[in-house]
Amino acid sequence: MTGSDILASAVDSLAANKVRSGLTMLGVVIGVALVIILVSLGESAKTFVDDQMRGIGFGRNGMVIHPGKMDPPIEPSKLRLEDSREINRRVPEVLDQVPIVVGSAYIRAGNQEYKTSVRGFTENYTELVNHRVESGAFLSTLDVEQHRKTCVIGQKVKAKLFSGFDPIGETVRISGRRFTVVGVMEKKGEMMGDDLDDLVIVPITTAQDLLDTDKLNAVLVWARRTEDLPLIKERIIEFLSGRHMRKDDFHFHTQEEMISILGTITGTLTAFVSGVAAVSLLVGCIGIVNIMLVSVMERTREIGIRKAVGARHRDIFLQFFGESMVLGLMGGLSGLVSGVALAALVMTRTGLPVHISGWAVSLALACSLGVGLLAGVYPAMRAARANPIQALRFEN
Amino acid sequence: MTQLPVLELRQLTRHYDTPAGPVMAVHEMDLRVWRGDFVALLGPSGCGKSSLLNLLGCLDRPSSGELLIDGVAVSSLDDDGLARLRNRKIGFVFQHYHLLPRMSAVRNVELPMMYAGVPPAERRQRALEGLERVRMSHRLDHTPSMLSGGESQRVAIARALAMDPSLVLADEPTGNLDTRTGEEIMQLFEKMHREGTTLVMVTHSPEMAERASRILRLRDGRIESET
Ligand SMILES: Nc1ncnc2c1ncn2[C@@H]1O[C@H](COP(=O)(O)OP(=O)(O)OP(=O)(O)O)[C@@H](O)[C@H]1O
Ligand SMILES: [Mg+2]
């Protein structure tokens, strides 16, 4: 008996009972689909965060200092511009830093006016972050030092206020004050829910004047080497708390931490869904055992006939074992298809990158093979052991 | 003449243990069947014909005594050895045909060859030839449920002959058939006999038995007489 004989016989007898075979596979289908959806979504979310971070040039060597104990900060910030400047001087492991002030204001050109996001940065922003100027220039050192009223606008602001002509050199009014447009940022789209096209960037000093504050919303810090991040954190804590703050007046976010926060949220979910997946695979396994035992019973006479014409122990075993494997594998493949389809659907709907985890597919197929294998052994052994005469005499 | 008997029975015994005590279905039987013999086993119901045939066909093992097939002692073989023996040396024809219901006629005939490891193309070729010999070439793809009793039995005969066995065993092969169809099957057996196949056939009918070369009458698990 060759492998294709075994396969043909398995497919034959499963096809003879289509509905029953289908229902038997259901447990495996659900289990496998869950495994795929689960692992793929998890990996997709991770890639998403990674891509977003890298998209704005905030790689694994980046870190954010947030004022306050927690997010979002409920106490007013105590971080000042001098603090961020001090970081470069005090911590040599730091490649560079960008202080950030965020607010919103009405921006007006001609008779067009609307509310947009105002960001205050230092001149090194475009060098560190992957967010470049498309035309004109970015802010200069002098702009920052001298609190100049210059600004760089995003693509949406340009589209809303300057339809059809070049905004460079034009004057806009932000909260009523006159600013000169020196540049237009490239189109960037949304990053982590933040529209990087709908903003106006001004010197950090000017932003503080405009928003009437001497505080910062955050400081972005880049390490020369990723592995120095913990050390940098220590140093910054040390000198900031030495200056004017308590230890819990600020906290840090690294990309790893953001991913791990995401991880704990999805982790709980993952544990739950893994449980469901494991249970349905187990149920699938028991279902296959059960149906295989019924099938062995029903086909006792067939087994007798096969033995009478010369089937050995092994031939009968392989026949029924093959059937169980095909059941498991077909369940696995259907689960694979529905899992991939569902995962892709969820990903497109939620805006996550469509990513099907290769190892989830391998894991799912391994699971279904394992189920087919486990479920097949006992019934196939029962079939193989049947006594030929009793089997031939069996009435059903 | 030092020809080896196809079958040699030495004090062959098979008893069944039942709650009502042991049943001697086959009792200390001695017999030799030679190549080319056509043996009919005749006897009243319950005298042990089927029990004997099952022993001869290695579907069952004796309680005591010895059975040699082509000189090989069956007791020396394990289950796989017996399976091999059934596959290569023995062809069965049953009263109830015992074809596999989901398989077409050709595939039923291919079955013993599949277990013998004959390659698929050769299997198919030999099955077609076999069906031709029993004049069933017009029903190759029919499954057993689409075949008449006589047609089913012809397919079963083709299957029994598929591996060109030393011995064909038939347990009431015409028992389920009307006289005319039974007659056709008997003619097939006579043809097999003429072509040199060794046959042992169980029957209830003395007329059928007459057509064999040897008639053994059984009673209570023993050979009562031979003609
Ligand atoms: N598995 C068994 N367990 C117990 N007793 C059995 C078994 N098989 C057969 N017998 C008994 O052995 C005796 C011989 O049975 P067997 O089937 O060989 O008879 P037979 O000659 O073939 O009868 P028939 O012509 O009716 O087919 C009978 O008395 C029967 O009851
Ligand atoms: Mg009988």
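Predicted model, so just to flag it, every value in this text is computed and none were measured.

Caption draft 1: Focus on the sheet that holds strand β7 (residues 167–171) of chain B. All names here are of chain B. Overall, mixed pairing links the 6 strands, which are arranged β6-β7-β8-β3-β9-β10 in an open sheet. Every interior strand has two partners, whereas the edge strands, β6 (90–93) and β10 (222–226), have only one. For this sheet, the mean angle separating the axes of adjacent strands, direction not counted, is 20 degrees. In this sheet, β10 lies alongside strand β9 (residues 214–219) in antiparallel orientation, the contact comprising 4 bridges. If you follow Leu-218 over to β10, its bridge partner there is Ile-223. On the sheet, helix α6 (residues 179–194) packs against β3 (38–42), β6, β7 and β8 (198–203) and is oriented at approximately 155 degrees with respect to β8.

Caption draft 2: Spatial organisation of the interface of chain A and chain B. Listed as interface residues are 23 residues of chain A and, on the opposing side, 21 residues of chain B. Taken over both partners, the interface formed by chain A and chain B buries close to 2100 Å², and the fraction arising from carbon and sulfur atoms is 58%. Run the count over chain A and chain B and you get 3 salt bridges. In this structure, B:Arg107 and A:Asp12 form a salt bridge, with 2.8 Å as the shortest nitrogen-oxygen distance. Taken together, the links from chain A to chain B amount to 5 residue pairs in polar contact (both at pLDDT 80 or more). Within the residue set of the side of chain A that touches chain B, elements represented by two or more residues are α1 (3–15), α10 (300–308), α11 (313–350) and α13 (388–393) of chain A. Broken down by element, the residue count for the side of chain A that touches chain B peaks at 6 residues, all from α10(A). For the side of chain A that touches chain B, a count of residues per class yields 9 nonpolar, 4 polar and 10 charged.

Calculation rules
- Residues numbered from 1 in each chain as written.
- Chains lettered and ligands numbered in written order.
- Predicted model: local features only at pLDDT ≥ 70, side-chain atom pairs only at ≥ 80, totals over all residues.
- Heavy atoms only, no water.
- Pairing = 2+ DSSP bridges.
- Helix = DSSP H or I, 4+ residues; strand = E, 2+ residues; numbered from the N terminus.
- Axes fitted to C-alpha atoms, helices over the stretch in contact; angles between N-to-C directions.
- Contact = heavy atoms within 4.5 Å.
- Buried area = accessible area lost by both parts, 1.4 Å probe.
- Salt bridge = Lys/Arg side-chain N within 4 Å of Asp/Glu carboxyl O.
- Polar contact = N/O pair within 3.5 Å; in protein donor to acceptor, adjacent residues only side chain to side chain.
- Nonpolar A, V, L, I, M, F, W, Y, C, P; charged D, E, K, R; others polar.

By themselves these figures say nothing about function.
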